[in-house]
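Spelled out from the first residue to the last, the chains are:
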Amino acid sequence: MYFLTGWPRRLMCPLKSEEKPFHIQPDSHRVFFAVLSQTQISIWYSRPSVLIVSYKESAKAASQFGSYQQAEWRPDSTMIAVATANGYILLFDVLAAGEDKYLYEPVYPKGSPRVKVTHGYKEEQCAPALSVELKKVMDLQAPITSLQSMQEDLVVATADGLLHLIHWDTVTNGRKDINVCTVPFSVDLQSSRAGPSLDFKDVHIRDMEYCVTLDGFAVVFDDGRVGFITPISSRFSAEQLRGVWAQDVIDGTCVAVNNKYRLMAFGCASGSVLVYTIDAATGSMQLSHKLELTAKHYPDTWNKTGAVKLIRWSPDCSVTMVTWECGGLSLWSVFGAHLICTLGEDFAYRSDGTKKDPIKISSMSWGAEGYHLWVISSDVSQPLESESENKATTQQSDILQFQFIKSALTANPCMSNQEQVLLQGEDRLYLTCGDTAQAQSTSTSSANSDHRAFKERNPLPNTISISQGLSTLLGHRHWHVVQIHSTYLDSNWPIRFAAIDTLGQCVAVAGRFGFAHYSFLTRKWKLFGNITQEQNMVVTGGLVWWNDFIVIACYNLIDQQEELRLYLRSSNLDNAFANITKLYSETLLINVFRDMVILFRADCSICLYSIERKQDSTNPTASIELLQEVSMSRYIPHPALVVSVTLTSVRTETGITLKAPQQACAAESIMLNLAGQLIMMQRDRSGPQVREKETTANQKKLLPFCAPVVLAQCVENVWTTCRANKNKRHLLEALWLACGEAGMKVWLPLFPRDNRKPHSFLSRRIMLPFHINIYPLAVLFEDALVLGATNETVLYDGLPWAGVAGAGEPLEALFPFCTVERTSQIYLHHILRQLLVRNLGEQALLLAQSCAGLPYFPHVLELMVHVVLEEEATSREPIPDPLLPTVAKFITEFPLFLQTIVHCARKTEYALWNYLFAAVGNPKDLFEECLMAQDLETAASYLIILQNMEVPAVSRQHATLLFNTALEQGKWDLCRHMIRFLKAIGSGETGTPPTTPTTQEPNSTGGFEFFRHRSISFSQSAESLAAWKFSLQKTLSMPSGPSAKRWSKESECAENMYIDMMLWRHARRLLEEVRLKDLGCFSAQLGFELIGWLCKERTRAARVDDFVMALKRLHEDFLWPFPVIPASSINSPFRNSRYRTAVGGRLLKSQSADSLINNEMDTSASNTPRSHSWLDSLNSASREMDTASSHGAHTQEAFLSPLLNKGDDCSIGSATDLTETSSMVDGDWTMVDENFSTLSLTQSELEHISMELANKGPHKSQVQLRYLLHIFTEAGCPEWCVIIGILMREASVISQVVSCLQSAEVPVDTVLNIKNGLMAVDVWASTDCLGYKPFLNLIRPQLQKLVEVTQEQVQPEAFQPTSTAKLVEPVCPWPEDSRGGPASLNTSVQSEEGSGASRLEEEIPGEEQEEQPLEEGTFDCTLS
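Residues numbered from 1 in each chain as written. Predicted model: local features only at pLDDT ≥ 70, side-chain atom pairs only at ≥ 80, totals over all residues. Heavy atoms only, no water.

**Focus: unusual backbone geometry**
Across the junction of R47 and P48, the peptide omega takes the value 0°, indicating a cis bond. Residue P494 is bonded to the preceding W493 through a cis peptide linkage, with omega at 5°. The backbone of D215 shows a phi angle near 55°, a positive value even though the residue is not glycine. Tracing the chain through its elements places D215 in the loop between β18 (205-211) and β19 (216-221). Classification of D215 by relative accessible area gives partly exposed; the value is 35%. (Helix = DSSP H or I, 4+ residues; strand = E, 2+ residues; numbered from the N terminus. Buried < 20%, exposed > 50% of the residue type's maximum accessible area, 1.4 Å probe, protein only.)

Shown next as structure tokens:
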């Protein structure tokens, strides 16, 4: 279709004149334009747009004739008739100049190949020199209202009610006069023969236009009535004229006719345009459609436009431009699809919001092929004040040229590629294809090998066409713009036809003579080498691609012969390489279908040809053979009425069987667009030839065609494909129609399900209408998408030129800059809905299932629900048979049902929810279905629905269920949202909680940082820690500091307690099930204060009963390999425990400490005094490890990559030079050799080191285990420290724990538990895992110490009473656990030994009494 582009051009008249032009009239070919002012006629040339000649009337003659008013060209452009105000007709001769043949000539540089051309080539690119002479003056003695050229006659209407017929060649009989009042008018032609049936006395014709294909005049009378006058015989006389009139129109102002579609557009005083057609049966005028602005899209101006002033159909009759008395331009397609209007948006408003005055137009006309609209405005430019009077007089109203690009389908509706949008402009092409060089096979390296590569990658190119990928066709939003070769354009402007091949790799164009083609692979144009051959050929019927051949219907000027030619893309463009077939009638349209070419000719006949490729020589050729001729003269009144002709495999009996796919590929029917009526002719299978089973393979006789059947009205474009896809038969065997303002229609085949026999009463196909928001230019059949284009505007009125003094308002400020954007739209939901409306749910299900793999299929279902919901829920009238329940039942067939409903609800206003869920089901039930299906994200969306529709208690209940499930599945983002959601309910917030957290708070994430992209510092100043101290005795919610900010500001709020209890319960469960990895993730992701909680659970959940089971679980959880004993270990020096500790243990410890850096802990050693207990000595282990990490890398990626400064004195790993390697598991053995060269290790020792390293787990697991060891050390959980130490086989950890356990404050049962656990591990290792035996032998002295400690402690403690403080001590929160939460775990708090300890002992008993019932509640609470 047509799209505005750029800014309009302004054509300045070079002649000095005070008269303003007010009328423009093109000749029949739109090459010359006659421009009238009051006493002057000027002739302009189209390209270049220059003034050629001007004729000015003398003052005496001007006073006699009066001012000029209208002009009309003779069809052969040799004469112009001008009507004057005093009733005169002036006939001018337009003559070619004698010696000065050209007014403008191009100048080429020397040596240019374009200088050496044949005769006649040059004149096409020059503006000719013409002269204008007044030939005859005729006085009609009445004001002239309208001029119209009709073949060899000029028809003039005057205000006295007469029609004058004047011969252009006035040498013969001069004129005839017909009185309009004597012409009989009626409602239709059948009743008009009885005589005058209406009173048309004292009326005259205000405006009229001759329609060739209707053979009559569309007229507007001065009283506003409109009608159509036609001769009932070949003679044009008063006795032979008959008229019909439109009954309802009384305010007609102007008229324009569309010859191709047989339409008459009447402008009305109300501002609307009524488009009428003549009924073929009765001859009456029938309203086809209206062109009018709607209040929806133009609320400010739709009823303030004034009367319609001018209507102009484009040269190809596909669009019409309308302007009104109050100004403005508006463009509609032939059947009423609105394309452009300058009364709204950027055309009507400046960038600061002020309103512009619309451009008022006195005359307009389309240029050649519709690339320009020539406009004479009545108010764009006023004469400018200037010091020089001469300068003031040279200014006059300008001629504006609006530039357009249009769809290639308007002039060349061929099927060679209907899946790509191809737009053609005056000098360039716009394509939607992506990067074809990459999208297609790159084996086509050169143009000469294109045809071979095509054959190789598509062995059957004639039977199954290739569908381009969705990404290639949609691509990006930008156009692929191809500039047409200037050499071809200069001599063959304007471009008339354009076509793109099936693969989207080549495009061909044809202008006035010859043609040229362009390859996207080579990015080069190919032109005729012999210019004579190009200039002796005129493309008449268009051009199409067949594989790598260009098929052209043309006229040979030398032989004066119609021809059908085939040119190979890869060979030189020369007639020597062409296959030429002679035709016997002019070809008007051409198309291809598989291996067949279909031609529509000027004698109203259709010819079918077969094309066969032959690989005879180096260059392949193609042979053409006539298959069939079909005469259509009985059905087509005029050959110019045929808009397109298409050969398809579509037939009405498609649904009978699914077992004959080969029949679906055959050419079964001809589709003919006859003036907007889509006519189908199927092959006649009723004859005896159907029963002949013995048919030879080379049998050429084809079945005849049945009588035509009308499928649809008001059709602008037709799309069908010759591809076959058994998975998407509905879409590929359908017929797609563009129907203007009626939107689109699809003629869809209906298939029986599961190969069952179809019902006899069911139709095989169904026509479904649907509306889309874009103008369709291409259809992606398998992808259920329509591609199109739309105009976008950009304002530049704020730039400096907008305010130049004395320059007026320039065009750049008056008009926005127009661009054309690519658009696409899904149509599948419209079709599904239409099928459901017609109770064809089974067909809808088949169609939907075939498209379920499309990436936007969920959006399709959403759109279907949303559109039906909006229509039904907002309807003011009761709906007897609502569709929403049917749609809801339909989408339950798909797994996306739950997401579809909730997404639709979230995008719909709250007032419609009740109607929606009344049809689809209770949201509580849908929520539970989501939980059962483990679709937690969708369940969270339903929670927001429930929050708005149910009481808070219900929301809280369901939120709790979801929270617990999310915790169990580790959906941490969802858990964070649920915490905030529960808080919002508890605090009484009514608004929807935000979907994402506003800030990220610091928390104890440690080695689990690889789950989240943020970094955390483990160091805080002592002052800030003291300020963040929080007394655990006040409340049992999580310890304060930064973590308190993560919860609510009101820490005593019951909601916090409620959430904390759920978190505690989950943490307890993880610990009891020995899921330490999950516990670490849980703590890191949710900011859970793990140390404080572990302190309380030290003697309960944090106690380990089965060391062996816990050790096995850790191996499994952290992917940690069980140790094995190398064969060489018997004689290994590493059997020496001291040597092992010094070298191997220290090396691995360095590695592990380095891994801990990932937590970005900046923990310099602190000398802060701290309360002394057995826990202090245990914490020394963590301090020793923590000091290894004073500098670290920012944690920004998903996996940590620690970087250390080599000169870091605090690092444990500084003892060796291996600190620069993040992990020894990767095994940089050259590094090992360099650093341990002094050790003089033997081969067996190196093997032992490699075995030791192989026994270590992944680096990430080491980081996590180090962090957990740090946490358990801080929390005082020696059992877990021992287990992790065994797992990592670090004797130092065991020795530090054992030395701490020797303190008298340690409970006896803890020491006993660790001793028994170690012994159990030793027994298990002896039988099941001998790889642990060397390590257990290494720590046997520590185990012996434990045995001694337990023997010492059991004796005295058996006789001592147990104090309250002793009992509570393992559970109480230690001061180091309240140091601002996660921020600093390794810096002690400044606390006085005496006062701190005594105050703690005083508050502990009360805490125990408070804590006990709540703790029991935590264990027993069941949340519904």
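**Considerations on the nonpolar core**
The biggest cluster of nonpolar side chains holds 191 residues, and the ones touching the most others in it are W736 and F890. Element by element, the count of residues in this core is highest for helix α23 (residues 1054-1072), at nine residues. Counting residues in hydrophobic clusters, the runner-up holds 56 residues, among them L431, I495, A516 and Y567. (Core = buried A, V, L, I, M, F, W, Y, C linked by side-chain atoms within 4.5 Å.)

**With respect to the side chain of D1117**
Secondary-structure assignment places D1117 in helix α26 (residues 1107-1117). In this structure, D1117 is buried with no salt-bridge partner, the nearest side chain bearing the opposite charge being R1113 at 5.2 Å. Reaching out from D1117, the side chain makes a polar contact with the backbone nitrogen of K1077 at a distance of 3.3 Å. Every residue in contact with D1117, bar those within four places of it in the chain, is listed here: V1074, R1075, L1076 and K1077. (Lys, Arg positive; Asp, Glu negative; His and termini not counted. Salt bridge = Lys/Arg side-chain N within 4 Å of Asp/Glu carboxyl O. Polar contact = N/O pair within 3.5 Å; in protein donor to acceptor, adjacent residues only side chain to side chain. Contact = heavy atoms within 4.5 Å.)

**Concerning the sheet that holds strand β51 (residues 709-712)**
As summarised here, the arrangement of the four strands in space is β48-β49-β50-β51, forming an open sheet in which the pairing is antiparallel. Of all strands in the sheet, those with a lone pairing partner are β48 (642-648) and β51, marking the two edges. The mean angle between the axes of side-by-side strands here comes to 25°, regardless of whether they run parallel or antiparallel. The pairing of strand β50 (residues 677-682) with β51 spans three bridges and is antiparallel. Opposite I679, over in β51, you have V710 as the bridge partner. (Pairing = 2+ DSSP bridges. Axes fitted to C-alpha atoms, helices over the stretch in contact; angles between N-to-C directions.)

**Remarks on the sheet that holds strand β26 (residues 308-313)**
With respect to topology, four strands assemble into an open sheet ordered β26-β27-β28-β29, the strand pairing being antiparallel. Two strands bound the open sheet, and with one partner strand each, they are β26 and β29 (338-341). Going across the sheet, the axis of each strand differs from the next one's by a mean of 20°, ignoring polarity. For strand β27 (residues 319-324) and strand β28 (residues 329-333), the ladder comprises five bridges, and the chain directions are antiparallel. Bridge assignment links V319 to a residue of β28, and that residue is S333.

**Remarks on the pattern of salt bridges**
A complete count under the given rule lists 33 salt bridges for this structure. With its nearest N and O atoms 3.9 Å apart, the salt bridge here joins D490 to R47. Here D490, found in helix α6 (residues 486-492), pairs with R47, found in the loop between β5 (40-45) and β6 (51-56); they are 443 residues apart in sequence, far enough to count as distant. By relative accessible area, which is 24% here, D490 ends up partly exposed. We note a salt bridge from D76 to R74, for which the minimum N-O separation is 3.6 Å. Since its relative accessible area comes to 43%, D76 is described here as partly exposed. Ionic contacts of the salt-bridge type, sharing partners, join the residues E968, R1069, E1073, R1075 and D1078 into one network.

**Some details on the packing of aromatic side chains**
Under the counting rule described, the total for this entry stands at 35 aromatic pairs. Joined through ring pairs, the aromatic side chains of W972, F1082, F1088 and W1093 make up one cluster. Stacked on the ring of Y349, the Lys or Arg K355 has its end atom at 5.2 Å from the ring centre. Its end group placed over the ring of W1064, K1096 keeps NZ or CZ at 4.1 Å from the ring centre. (Phe/Tyr/Trp six-rings, centres within 6.5 Å; stacked < 30°, edge-to-face > 60°. Lys NZ or Arg CZ within 6 Å of the ring centre and 35° of its normal.)

**A short note on the packing of helix α15 (residues 897-906) against helix α17 (residues 923-932)**
With their axes 10 Å apart at the nearest point, α15 and α17 run at an angle of 135° to one another. By the angle between their axes, α15 is oblique relative to α17. As α15 runs across α17, the sense of the crossing is left-handed. In this structure, α15 contributes F897, L898 and I901 to the contact, and α17 contributes L926, E929 and C930. By residue class, the composition of the contact of α15 with α17 is five nonpolar, no polar and one charged. (Parallel < 35°, antiparallel > 145°, perpendicular 65-115°, else oblique. Left-handed = near helix turned anticlockwise from the far one by under 90°. Nonpolar A, V, L, I, M, F, W, Y, C, P; charged D, E, K, R; others polar.)

**Quick look at the environment of E152**
In this structure, E152 sits in the loop between β13 (144-150) and β14 (153-158). Counting along the chain gives 13 residues from E152 to L165, while the straight-line C-alpha distance between them is 9.9 Å. Apart from the residues lying within four places of it in its own chain, the contact partners of E152 are R74, I166, H167 and W168. Of note is the side chain of E152, whose polar atom sits 3.3 Å from the side chain of R74.

**Structural notes on helix α32 (residues 1278-1288)**
With 11 of its 11 residues buried, α32 lies for the most part within the structure. All buried positions along α32 are accounted for by P1278, E1279, W1280, C1281, V1282, I1283, I1284, G1285, I1286, L1287 and M1288. Looking one or two places after α32, you find R1289, whose phi comes out positive at around 55°.

**Structural notes on the confidence of the model for the protein chain**
Mean pLDDT for the protein chain: 76, with 71% of residues reaching 70 or above. Looking across the protein chain, the model is least confident in helix α21 (residues 1022-1027), with a mean pLDDT of 30, and most confident in strand β38 (residues 516-519), with 96. Below a pLDDT of 50 lies the segment residues 435-466, which in the model reaches 53 contacts outside its immediate sequence neighbourhood of four places, other chains included. (pLDDT = per-residue confidence, 0-100.)

**Regarding the pairing of strand β46 (residues 605-614)**
Burial of β46 is extensive: eight of the 10 residues sit out of reach of the surface. Examined bridge by bridge, strand β45 (residues 596-601) and β46 share five bridges and lie antiparallel to one another. Residue pairing in the sheet places I598 in a bridge with L608 of β46. The turn linking β45 back onto β46 is made up of three residues, and C604 within it adopts a positive phi angle of 60°. Sheet topology note: the β46/strand β47 (residues 621-631) ladder contains 10 bridges and is antiparallel. By the bridge assignment, Y609 is partnered in β47 with L626.

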